[in-house]
Amino acid sequence: MENSKNRLFLFGGPKTIKSEFEPYHSIGREETEAVRQVMESGVLSQFLGVWHKDFYGGEKVREFEKAWMDFFGVKHAISVNSATSGLIAAIGAIGIEPGDEVIVSPWTMCASATAILHWNAIPVFADIEPETFNLDPKSVEDNITPYTKAIMAVDIFGHPADMDALSAIADKHDLKIISDSAQSPGALINANYAGTLADIGSYSLNYHKHIHTGEGGILVTNDDEIAERLRLIRNHAEAVVEEKDQVDLKNMLGYNFRLGEIECAIGIEQLKKLDGFVSARQRVARRLTTGLYDLPGLRTPVIKANCTHAYYMYPLVLDIEKIGIKRHIIYRALLAEGVQGLSEGYVTLHLLPMYQKKIAYGSKGFPWTSEICHRDIEYHRGICPIAEDLQENSYLGYKMCLNDLNDDDVDLIVMAFRKVWSNLDNLKDLGNDF
Ligand SMILES: *Cc1c(COP(=O)(O)O)cnc(C)c1O
């Protein structure tokens, strides 16, 4: 009896999780009411792309930015229509020149690196720490050349990057730091919010993030000049600089990166809920870790002593040698037990075709083959061994953004893992081709 109950679904046993979890849903009555008010006003965006009082946007844009500044304790917040737009604006605003090198993690969403290319600058991938999946400061230092001008420090999965070490490197080599904190709003490092310790911090407000406005993003900085350059790039800089008396024309190539009144009205309400969403995920994560930490060959999330984790992902790492089975089999077994929201691996940006073939602008290898690029940039397999190994062999993520998990759901997930772990010997017999 006991045996058959513990039999894996793959082997004809009962499925551990029989129903779908409740989807994560962060929008409530408050947002609906806020949107209704904007709709009734008829002013869905008040931005003007000329030097005018509406250059900075309408009432809700300003109110949202003020709320973000107050919450995060920063001098400036600049809303944008996505974090991708925000990162592009950020690279321009720190004064990057074509051919400058910016060090970035390969273990991040693609926009962290393409933002660099958009200004014809060169992404240089440094490896990550196996514990936090964030840039390894040692590898950053190894990748610095006379052409390095900035570090794109991504706070991946909800854990802040090592800003103490990265700031020390930046000071030593006179580099700017941009924090891509899209996955870490509300996470803390040395009692500061992730994103607020860099020259510019960037957050995403897309549907999949902790809080969202459908699409959207927001930047923070304590530097008045950088803030103004961000606002210019957001809103057709080139058409505005003359009237505004902006004398430094560097990178005053503008876009329409403006976020609308509706989104900002939603953002104001969402921001009020951020603390609650983050602590709910932290509770889920603690319960998962309590249930999983003793499973041999499974590493539950590592949180550094000076940090908190916002758990966009709940990252797990398998010790494949210890377990003696490939990740794919464990993954298949967990999936069969009904565990939803798992991902095998995450991403290794340098292995994308664009970098492997060096085809971005046009077909002839620009910017890498152009004279603006100072040296031969290497993107081959092997430059980031830790990230590559995690991707190919050992990383198993649980997407905390997909579902609203209650304690019972978490306990079922734990049961599924424990069932799979108690069947490792049976799974071994399947062979690695399964
Ligand atoms: C989601 C995300 C982005 C991009 O956000 P958008 O608002 O969708 O443009 C950038 N970086 C990271 C790490 C992300 O997770």
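Residues numbered from 1 in each chain as written. Predicted model: local features only at pLDDT ≥ 70, side-chain atom pairs only at ≥ 80, totals over all residues. Heavy atoms only, no water.

*Asks:* Can you tell me about the overall build of the chain, naming the residues and giving the values?
*Replies:* Each helix and strand counted, the chain has 16 helices and 13 strands in total. Against the globule reference of 22 Å for 434 residues, the chain gives a C-alpha radius of gyration of 23 Å, in line with a compact fold. Once the C-alpha set of the chain is aligned to its principal axes, its extents read approximately 80 × 55 × 40 Å. The long-range share in the chain, meaning contacts at least 24 apart out of those at least 6 apart in sequence, stands at 71%. With 43 positive and 61 negative side-chain charges, the chain shows a spacing of 4 Å between the two charge centroids. (Helix = DSSP H or I, 4+ residues; strand = E, 2+ residues; numbered from the N terminus. Rg over C-alpha atoms; globule rule 2.2 N^0.38 Å. Contact = heavy atoms within 4.5 Å. Lys, Arg positive; Asp, Glu negative; His and termini not counted. Charge placed at Lys NZ, Arg CZ, Asp CG, Glu CD.)

*Asks:* I'd like a description of the layout of surface pockets, backed by residues and values.
*Replies:* Any space left empty among the atoms is revealed by the rolling of a water-sized probe across them. Considering only enclosed or pocket space, the largest pocket measures out at about 370 Å³ in volume. Only α4 (83-93) and α5 (111-117) provide two or more residues apiece to the lining of the largest pocket. Per-element tally for the lining of the largest pocket: the top contributor is α4, with three residues. Taken together, the residues of the lining of the largest pocket sort by class into 14 nonpolar, nine polar and four charged. Of the domains in this structure, domain 1 (4-25 + 274-346 + 387-428) and domain 2 (29-273) are the two that each give at least three residues to the lining of the largest pocket. (1 Å grid on protein atoms, 1.4 Å probe; cavity = no way out; pocket = protein on both sides within 12 Å on 5 of 7 lines; lining within 4 Å. Points joined across faces, edges and corners; volume = space filled by probe spheres on them. Nonpolar A, V, L, I, M, F, W, Y, C, P; charged D, E, K, R; others polar. Domains from an automatic or database assignment.)

*Asks:* Outline the domain arrangement of the chain, listing residues and values.
*Replies:* Each assigned domain of the chain is listed with its residue range as follows: domain 1 (4-25 + 274-346 + 387-428) and domain 2 (29-273). A straight line from the C-alpha centre of domain 1 to that of domain 2 covers 31 Å. Counting from both sides, the interface comprises 27 residues of domain 1 and, opposite them, 37 residues of domain 2. The junction of domain 1 with domain 2 conceals about 2700 Å² of combined surface from both sides, 62% of it contributed by carbon and sulfur atoms. Inspection of the region where domain 1 meets domain 2 yields two salt bridges. Between Lys-304 and Glu-129 there is a salt bridge, with the nearest N and O atoms lying 3.0 Å from each other. Linking domain 1 with domain 2 are 18 residue pairs in polar contact (both at pLDDT 80 or more). Listing elements by their share of the side of domain 1 that touches domain 2, those giving two or more residues are α10 (261-292), β11 (313-318) and α14 (385-394). Taken together, the residues that form the side of domain 1 that touches domain 2 break down as 18 nonpolar, five polar and four charged. (Buried area = accessible area lost by both parts, 1.4 Å probe. Salt bridge = Lys/Arg side-chain N within 4 Å of Asp/Glu carboxyl O. Polar contact = N/O pair within 3.5 Å; in protein donor to acceptor, adjacent residues only side chain to side chain.)

*Asks:* Tell me about helix α8 (residues 224-234), and name the residues and values.
*Replies:* Along α8, nine of the 11 residues are buried, which leaves the element largely enclosed by surrounding structure. Those residues of α8 not exposed but buried are Ile-226, Ala-227, Glu-228, Arg-229, Leu-230, Arg-231, Leu-232, Ile-233 and Arg-234. The N-capping residue of α8, defined by a side-chain oxygen 2.9 Å from the backbone nitrogen of Glu-225, is Asp-223. Looking one or two places after α8, you find His-236, whose phi comes out positive at around 55°. (Buried < 20%, exposed > 50% of the residue type's maximum accessible area, 1.4 Å probe, protein only.)

*Asks:* How would you summarise the packing of helix α12 (residues 327-336) against helix α15 (residues 407-422) if you had to cite specific residues and measurements?
*Replies:* Contact pair α12 / α15: the axes reach a minimum separation of 9 Å and the direction vectors enclose 130°. Taken together, α12 and α15 sit at an angle that is classed as oblique. Two packed elements cross with a definite hand, and for α12 against α15 that hand is right-handed. Of α15, the residues touching α12 (which contributes Ile-330, Ala-333 and Leu-334) are Ala-416, Phe-417, Val-420 and Trp-421. Across the contact of α12 with α15, the residue classes tally to seven nonpolar, no polar and no charged. (Axes fitted to C-alpha atoms, helices over the stretch in contact; angles between N-to-C directions. Parallel < 35°, antiparallel > 145°, perpendicular 65-115°, else oblique. Left-handed = near helix turned anticlockwise from the far one by under 90°.)

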